[in-house]
Every structure is written in C-alpha cells, then in structure tokens.
Amino acid sequence: MSDDVIHRLSVEGVDPLALAGVNDANLLELAKRLGVRVSLRGDSLSLAGPAAAIERAGQVTQALIDLARMGETIDVHDVERLISDEAHGELGREGAVTDPVKIILPGLRRVIQPKTAGQREYLRSIAEHDIVIGIGPAGTGKTYLAVAAAVDALARKRVRRIILARPAVEAGENLGFLPGDLQEKVDPYLRPLYDALEDMMPRERVQKALETRTIEIAPLAYMRGRTLSDAFVILDEAQNATGMQMKMFLTRLGVNSRAVITGDKTQIDLPNREDSGLLQVERILPGIEGIGFVYLGDADVVRHRLVRDIIRAYAEDAQG
C-alpha cells in the first residue's frame, strides 16, 4: 500500500532464532498484535505498515532485540508483555528493558534479569536492603529472582552459604502423616526451591553444595535456636509462617546476613488467617531502615498469559 511506512532495525550480534522464536512465533505474534509486516534478513529486521502501527511496533521490537542481545530466551508471552508495557507507557522509560539490575550466573552463560517493572523494583530492593519482603501472586518470580540473587551473592563471595526455608503447612497436609523418613517427607514440598536452584547452577554443583551444607534447604522449624551468619536466607511461602515463627526467623539473622521473605496473601493455608506472620510484619515493620517491602501484582506475572488473567478473575470475584 502506498501510505505504508518501512522501518529497519539493526539486529547485529543477535541470535536470530532467539529473537524470532520457534517457527518465527515471536515475529508472527508481533505482526498479528500490532498490524505490521515483519521480515528478518541478515543483520536487519524490517517493519512495514501504517505509520501509527510502525511507531508502536518499533518500540516493542527494539525492546525485544535488546532482550535477545542479552541472551534472554524470548517467547510469545514476552512479546505480549512488551506490547502491554508499551500500551501503558512503560517502555519509553529510561532502563525499562535494559536495566543495570541483572544477574550473570557463572558457569551457565545465562543472564537473569527482571522482565517487568515490579521485578526490577524487587531486584533493586534486594541489592539495597538487608531484609526484603516480596509480596505478590503466583508466577511473579518472587522465589526465582530471590534464589538468583542468593546464588549471585554466593558466587561473588559476599556470603558463605545460602539457606532456603519454607514453613511446613501446605495444602492442608501435615508432614507427620506423610509416608517415608524426614528427607522423603520434606523433599517434595521443598521441590520448588530445588528446581529454582537447578535452573541456576549445574546439578552436580547443587548436589556438592548441599552435601557440604554451603546450601541448605530445610523446613522453617529447623531454624529455631540457630544464628545465621554470613548467609543469604530466603523464607519462601511466608504467608504460612505463624507470627511466632516469623519473629523467630527474623531474629536468627547474624552478622553479614541478608534475608528475602516471599509470600502471597491470597494463599494463606493456616487455620486462622490472622495468625499469618506475613500479615503481621506488613503491619509492624514498614519504616524500619534496612527493610524493604516490594509488592508485585498481576502485571508482573511471567508465567503463561492465562495465569495473569486467572489471578485477575479471582481478585475480581473476591471483591464482588
């Protein structure tokens, strides 16, 4: 068409498969959602279409290219998220995609970096505070990014060990009634922490670190009576810690230790919701210097697009 505009972007140094996705899925999604034609040839990516569409597509495509250049694995959900960010005016902000808050993991040629504004604030807060409390729904990367920050701190020798803890009340199961010895009982329920670790370190390194207790994964109750020095400590699923357990955990911190506490206030499994230590710290700890609170929302969900929509639907139902 005669009034179509063509805009070319350099993709020099970018893995074309990482950018385009399997069977060009990312570029097809871009074309479909923004009403432009996309072609990738050599070191150049061309966008063609109406001027208004090209202006939007140019920003989103440049953001995608920036992600690909940093070694990120990109899929259609990232394309959707960037289009959504652009629609909300997030992309034009300084450092919206390329951000100094990123974690380069040794031995795994991988860069872990925030994909949303909330995640950026979360990682920045972890870098700046000794204790960070990250609150938000499933799929927002609370645990994953905290584990990445812990692995990074260990690799840089800022701490000597990592301790990952979870309270043992979940899905109405009492560990005492599950079959097997303690390790067998605890393993499935701590599995998400192992999964996050194995995503960031070669499996044999994880195994060795567990054997030497450089990394420890344990139920929260096992923290009682200990002083956790030179450690990066993560308390996951903190909404299921009681007020007493939370106080016990926070007062374990020793010299040169930092803690990240993650939780989802909509997933409290305690018999009495008000017993949740997460709700208690939210009331009593804001304002203390060195403690950061970060709230993640459905816009920060980085799982399947439907997860975001499901969380919104449940939130609307709860309000209605």
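### What to know about the nonpolar core
Then, in step 1: Counting residues in hydrophobic clusters, the biggest one holds 34 residues, and the most contacted among them are Leu 197, Ile 215, Ile 217 and Phe 232.
Then, in step 2: Elements with a contribution of two residues or more to this core: α5 (117-128), α6 (142-155), β7 (161-166), α7 (182-200), α8 (203-211), β8 (215-219) and β9 (231-235).
Then, in step 3: Sorting elements by how many residues they give to this core places α6 first, with nine residues.
Then, in step 4: Leu 197 has contacts with Val 147, Val 151, Leu 164, Val 206, Ile 215 and Ile 217, leaving out every residue within four places of it along the chain.
Then, in step 5: One finds Ile 131, Met 246, Ala 259 and Phe 293 within the second-largest nonpolar core, a separate group that totals 25 residues.

### A look at unusual backbone geometry
Then, in step 1: Residue Glu 237 is not a glycine yet carries a positive backbone phi of 55 degrees.
Then, in step 2: Assignment of secondary structure puts Glu 237 in the loop between β9 and α9 (243-250).
Then, in step 3: A relative accessible area of 22% places Glu 237 in the partly exposed class.
Then, in step 4: Residue Asn 256 is not a glycine yet carries a positive backbone phi of 55 degrees.
Then, in step 5: For Asn 256, the location among the structural elements is in the loop between α9 and β10 (258-263).

### As for the pattern of salt bridges
Then, in step 1: Considering all chains together, one arrives at twelve salt bridges under this definition.
Then, in step 2: One salt bridge connects Arg 156 with Asp 152, and the closest N-O pair in it is separated by 2.9 Å.
Then, in step 3: Overlapping salt bridges bring together Glu 29, Lys 32, Arg 33 and Glu 80 as one network.

### Considerations on the layout of surface pockets
Then, in step 1: Of the voids in this model, the second largest pocket is the one considered here, and its volume is about 440 Å³.
Then, in step 2: Pro 137, Asp 264, Thr 266, Ile 311 and Ala 315 are the residues nearest the centre of the second largest pocket, which is lined by 19 residues in total.
Then, in step 3: At seven residues, the largest contribution of residues to the lining of the second largest pocket is made by helix α11 (residues 305-319).
Then, in step 4: Among the residues forming the lining of the second largest pocket, the class breakdown is eleven nonpolar, five polar and three charged.

### As for the sheet that holds β10
Then, in step 1: Strand order across the open sheet formed by six strands is β8-β7-β9-β10-β6-β11, with parallel pairing between neighbours. Across the chains shown, the open sheet's two edge strands, defined by having one partner strand only, are β8 and β11 (291-295). Strand-to-strand twist across the sheet, computed as the mean angle between neighbouring axes with direction ignored, equals 15 degrees.
Then, in step 2: Packed onto the sheet, α5 meets β6 (131-135), β9, β10 and β11 and runs at close to 170 degrees relative to β11.
Then, in step 3: Contacts between α6 and the sheet are confined to β6, β7, β8, β9 and β10, with β9 contributing the most and set at about 170 degrees to the helix.

### Here we look at α5
Then, in step 1: Relative to the 16 Å expected for twelve residues at 1.5 Å per residue, α5 spans 17 Å between its end C-alpha atoms, a close match to the ideal helical length.
Then, in step 2: Taken as a whole, α5 has its buried residues at Gly 118, Gln 119, Arg 120, Tyr 122, Leu 123, Ser 125 and Ile 126.

### A closer look at the side chain of Ser 125
Then, in step 1: With respect to the secondary-structure elements, Ser 125 resides in helix α5.
Then, in step 2: Owing to a relative accessible area of 6%, Ser 125 belongs among the buried residues under this scheme.

### Some thoughts on the sheet that holds strand β3 (residues 44-49)
Then, in step 1: Judged by pairing direction, the sheet is antiparallel, and its three strands sit side by side in the order β1-β3-β2 without closing on themselves. With one partner strand each, in any of the chains shown, β1 (5-10) and β2 (37-41) form the two edges of the open sheet. Geometrically, the sheet is characterised by an average inter-axis angle of 20 degrees between neighbouring strands, direction not taken into account.
Then, in step 2: Summarising the sheet, β1 and β3 pair through six bridges and their orientation is antiparallel. By the bridge assignment, Val 5 is partnered in β3 with Gly 49.
Then, in step 3: Sheet contacts for helix α3 (residues 51-69): β1 and β3; angle to β1, the most-contacted strand, approximately 10 degrees.

### Considering helix α10 (residues 277-284)
Then, in step 1: Along α10, the residues classified as buried are Gly 277, Leu 278, Leu 279, Val 281 and Glu 282.
Then, in step 2: In the core, the buried residues of α10 are packed alongside β6, α9, β10 and β11.
Then, in step 3: One side-chain oxygen of the residue at the start of α10 lies 3.2 Å from the amide nitrogen of Leu 278, identifying that residue as Ser 276.

About the thresholds
Residues numbered from 1 in each chain as written. Predicted model: local features only at pLDDT ≥ 70, side-chain atom pairs only at ≥ 80, totals over all residues. Heavy atoms only, no water. Core = buried A, V, L, I, M, F, W, Y, C linked by side-chain atoms within 4.5 Å. Buried < 20%, exposed > 50% of the residue type's maximum accessible area, 1.4 Å probe, protein only. Helix = DSSP H or I, 4+ residues; strand = E, 2+ residues; numbered from the N terminus. Contact = heavy atoms within 4.5 Å. Salt bridge = Lys/Arg side-chain N within 4 Å of Asp/Glu carboxyl O. 1 Å grid on protein atoms, 1.4 Å probe; cavity = no way out; pocket = protein on both sides within 12 Å on 5 of 7 lines; lining within 4 Å. Points joined across faces, edges and corners; volume = space filled by probe spheres on them. Nonpolar A, V, L, I, M, F, W, Y, C, P; charged D, E, K, R; others polar. Pairing = 2+ DSSP bridges. Axes fitted to C-alpha atoms, helices over the stretch in contact; angles between N-to-C directions. Expected span 1.5 Å × (residues − 1). Polar contact = N/O pair within 3.5 Å; in protein donor to acceptor, adjacent residues only side chain to side chain.

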